[in-house]
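# Breakdown of the fold
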Amino acid sequence: MSGRAARRRVEGIAGPKARKAISLALQGGGAHGAFTWGVLDALLEDGRLAIEAVSGASAGAMNAVVMAEGYLAGGIDGARTQLETFWRRVSVNGSLVESQRQLLGSLFGFWGAEARALFWTDIMARVASPYDTNPLNINTLKSTVDDLIDFQKVRSCDHVRLFVSATNVHTGKIVVFENGDLTADHLMASACLPTLFQAVEINGVPHWDGGYTGNPALFPLFYNTAADDILLVQINPIVRKTTPKTAQEIRDRLNEISFNATLMSELRAVDFVVRLIDKGKLSRDEYKRVLMHRIDADRALARFNASSRLNADWTFFQKLRDAGRRSAHAWLKAHYDDIGKRATIDIKKTLAVKKKAPSKSAA
């Protein structure tokens, strides 16, 4: 978070009522990204925020790019329309023809009832890789993205900065792609779950889902934006108060923990730097005092397990969208006045580790 280097001025995604600038950090999580769609829809409809930059991984990256491209074509209404169009098209009730649904269903169980999806992906991941089960590397999502998004517009966009994260398979390190880089392949790389799809090669380098190394990446928003406020839309729960016992429950919880790990590390860095700035040990002229905010899907997704991220049913998307809209409206009502003044997430409390009380024998 160091450095106040001159930054490229951007207009931001903003409506006529926009008075405050903010950056967005959007987590990935498959179908659960429809919750983020709802959050974005409500923020755009409200119109009081200018979105300067968006960092996203996987479904978060999809939402970011679709929103930006829609805004270029039709302003706030265009962004909202494009987001709905995208989620409708990737739903099982959307634009896929029956033969495509059956093909993907037989390969992955990706479309259709959650139970069938869970069964197929679990079995396939144990016995074969996507190089065996999908040798032609068929991915209808890429066709949808290619058809819907004008990437030439996205690459030349100066209204909002986009940061799309992926994982370099060879090095295990995060790679962040910006507006000028973006193609359908970059989005597919960011959303490439290695148990479902072959690695996406970009300039000869294989990439997997960005969620493994930055879900989402916060650091691009430290160095490349003027706004101090970052709104995190979090769809992978930090806390679950039940103990996973089945093999699938254990794998699901491991995935949630791993997909939050880098985010937790970056939040610790934010907390550390802010405390040093407040103590006068670091200069605000050289270091950014980040104001973190969060809208989470914990309540909305409490009754669904992690594997529901494979549920591509349109009615499921609608439920999550509506939950996201409600959450965004509630957050705006509670915290709009705090933007630009104070953080509304207690990072120290979020990351706190409860210490076990000493036993009587040790006293």
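Keep in mind that what you see is a predicted model, and the values were worked out from it rather than measured. (Residues numbered from 1 in each chain as written. Predicted model: local features only at pLDDT ≥ 70, side-chain atom pairs only at ≥ 80, totals over all residues. Heavy atoms only, no water.)

It is generally the case that most residues other than glycine have a negative phi and that most peptide bonds are trans. Here the bond from Asn-215 into Pro-216 is cis, since omega is -10°, no more than 30 degrees from zero. Structurally, the position occupied by Pro-216 is in the loop between strand 6 (205–209) and helix 9 (219–223). In this structure, Ser-58 takes a positive phi of about 55° despite not being glycine. Inspection of the secondary structure puts Ser-58 in the loop between strand 2 (49–57) and helix 2 (59–89). For Asn-203, which is not a glycine, the phi torsion comes out positive at approximately 55°. On the accessibility criterion, Asn-203 (81% relative accessible area) is exposed. (Helix = DSSP H or I, 4+ residues; strand = E, 2+ residues; numbered from the N terminus. Buried < 20%, exposed > 50% of the residue type's maximum accessible area, 1.4 Å probe, protein only.)

Turning to the pairing of strand 7 (residues 229–234), a few remarks are in order. Counting buried positions along strand 7 gives six out of six residues, so the element sits mostly inside the fold. Examined bridge by bridge, strand 1 (residues 20–26) and strand 7 share four bridges and lie parallel to one another. In the sheet register, Ala-25 faces strand 7, and the bridge partner there is Leu-232. Two strands pair when backbone bridges link them, and strand 7 and strand 8 (residues 291–296) are joined in this way by six bridges, in the parallel orientation. Across the sheet, residue Leu-232 finds its bridge partner in strand 8, namely Arg-294. (Pairing = 2+ DSSP bridges.)

Once that is clear, we can look at the environment of Ile-257. Relative to the helices and strands, Ile-257 is located in helix 10 (residues 247–278). Taking C-alpha positions, Ile-257 is 7.2 Å from Ile-238, a pair spaced 19 residues apart along the chain.

What follows concerns the packing of helix 1 (residues 33–46) against helix 11 (residues 314–335). Viewed as axis vectors pointing N to C, helix 1 and helix 11 meet at an angle of 45°, and their least axial separation amounts to 6 Å. The orientation of helix 1 with respect to helix 11, classified from their angle, is oblique. Along this stretch, helix 1 crosses helix 11, giving a crossing that reads as right-handed. Contact residues: Ala-34, Phe-35, Trp-37, Gly-38, Val-39, Asp-41, Ala-42, Leu-43, Glu-45 and Asp-46 in helix 1; Trp-314, Phe-317, Leu-320, Arg-321, Ala-323, Gly-324, Arg-325, Ser-327, Ala-328, His-329 and Leu-332 in helix 11. Taken together, the residues that form the contact of helix 1 with helix 11 break down as 12 nonpolar, four polar and five charged. (Axes fitted to C-alpha atoms, helices over the stretch in contact; angles between N-to-C directions. Parallel < 35°, antiparallel > 145°, perpendicular 65-115°, else oblique. Left-handed = near helix turned anticlockwise from the far one by under 90°. Contact = heavy atoms within 4.5 Å. Nonpolar A, V, L, I, M, F, W, Y, C, P; charged D, E, K, R; others polar.)

Moving on to the packing of helix 1 against helix 2. The contact between helix 1 and helix 2 brings their axes to 9 Å, and the two run at 25°. As the angle between them shows, helix 1 and helix 2 are arranged roughly parallel. You can see that helix 1 and helix 2 cross each other, and the crossing is right-handed. Between helix 1 and helix 2, the residues in contact are Gly-33, Ala-34, Thr-36, Trp-37, Leu-40, Asp-41, Leu-44 and Glu-45 and Ala-59, Asn-63, Met-67, Ile-76, Ala-79, Arg-80, Leu-83, Glu-84 and Trp-87, respectively. Grouping the amino acids of the contact of helix 1 with helix 2 by side-chain chemistry returns 10 nonpolar, three polar and four charged.

By the definition in use, this model includes 14 salt bridges. Put simply, Arg-289 and Asp-278 hold a salt bridge, and the shortest N to O gap is 2.8 Å. Taken as a pair, Arg-289 in the loop between helix 10 and strand 8 and Asp-278 in helix 10 lie far apart in primary sequence, 11 residues in all. Here the salt bridges share partners, and the residues they tie into one network are Asp-41, Glu-45, Arg-80 and Arg-325. (Salt bridge = Lys/Arg side-chain N within 4 Å of Asp/Glu carboxyl O.)

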